[in-house]
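Spelled out, the chains give:
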Amino acid sequence: MSMEFNELLRNPHGDRAQVWIVGSREQVNHIISEMYVKEMISDRSQFSPLLPVPISPGKYMSVLVR
């Protein structure tokens, strides 16, 4: 697995909940935008940058730590 993926798996935020979005680049961006429009998040930057999923070619992921 990639180093970025391993860093996301660690739990540096204690018991804070995490929301993981996995899909195509367009799907992930759409869901992040939808969460912003529905005011589930206050800023898109609350999500991690898009990362390629190492175990699934063509898929990307982003993580929100609440």
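Residues numbered from 1 in each chain as written. Predicted model: local features only at pLDDT ≥ 70, side-chain atom pairs only at ≥ 80, totals over all residues. Heavy atoms only, no water.

1. A word on the overall build of the protein chain
When helices and strands are tallied, the protein chain shows 2 helices and 3 strands. N-terminal to C-terminal, the α/β element order of the protein chain is α-β-α-β-β. Within the span of the protein chain, comprising 66 residues, buried residues form 26% of the whole. Put simply, 49% of the contacts in the protein chain that link residues at least 6 apart link residues at least 24 apart. Counting every atom, the protein chain has about 4,600 Å² of accessible surface; 53% of that belongs to carbon and sulfur. (Helix = DSSP H or I, 4+ residues; strand = E, 2+ residues; numbered from the N terminus. Buried < 20%, exposed > 50% of the residue type's maximum accessible area, 1.4 Å probe, protein only. Contact = heavy atoms within 4.5 Å. Areas by Shrake-Rupley, 256 points an atom, 1.4 Å probe, with all protein chains shown as cover.)

2. Some points on the environment of Ala-17
Turning to its location among the elements, Ala-17 is positioned in the loop between helix 1 (3–9) and strand 1 (18–23). Overall, Ala-17 belongs to the partly exposed group, its relative accessible area being 48%. Excluding residues that lie within four positions of it along the chain, Ala-17 makes contacts with Leu-64, Val-65 and Arg-66.

3. Some thoughts on the packing of aromatic side chains
In this description, a pair of aromatic rings is defined by centroid distance and the angle of the planes. By the definition in use, this model includes 0 aromatic pairs. Of note, Arg-25 hangs over the ring of Tyr-60, and the distance from its end group to the ring centre comes to 4.4 Å. (Phe/Tyr/Trp six-rings, centres within 6.5 Å; stacked < 30°, edge-to-face > 60°. Lys NZ or Arg CZ within 6 Å of the ring centre and 35° of its normal.)

4. Observations concerning helix 2 (residues 25–37)
Here helix 2 spans 18 Å end to end across 13 residues, near enough to the 18 Å set by a 1.5 Å rise per residue. Listed as buried for helix 2 are Val-28, Ile-32 and Met-35. Seen end-on, helix 2 carries its buried residues on one side only, within an arc spanning 60 degrees. More than 90 degrees from the buried face of helix 2, the exposed residues found are Glu-26, His-30 and Val-37. (Expected span 1.5 Å × (residues − 1). Arc of directions from axis to C-beta.)

5. Details of the side chain of Ser-62
Here Ser-62 lies in strand 3 (residues 60–65). From its side chain, Ser-62 meets the backbone oxygen of Ser-48 in a polar contact 2.7 Å long. Not counting residues up to four positions away in its chain, the partners in contact with Ser-62 are Val-19, Trp-20, Ile-21, Val-28, Ile-32, Phe-47, Ser-48, Pro-49 and Leu-50. (Polar contact = N/O pair within 3.5 Å; in protein donor to acceptor, adjacent residues only side chain to side chain.)

6. Considerations on the side chain of Ser-48
Mapped onto the fold, Ser-48 is located in the loop between helix 2 and strand 2 (51–52). If sequence neighbours within four positions are ignored, Ser-48 has contacts with Ser-62 and Val-63.

These figures come from the coordinates and say nothing about function on their own.
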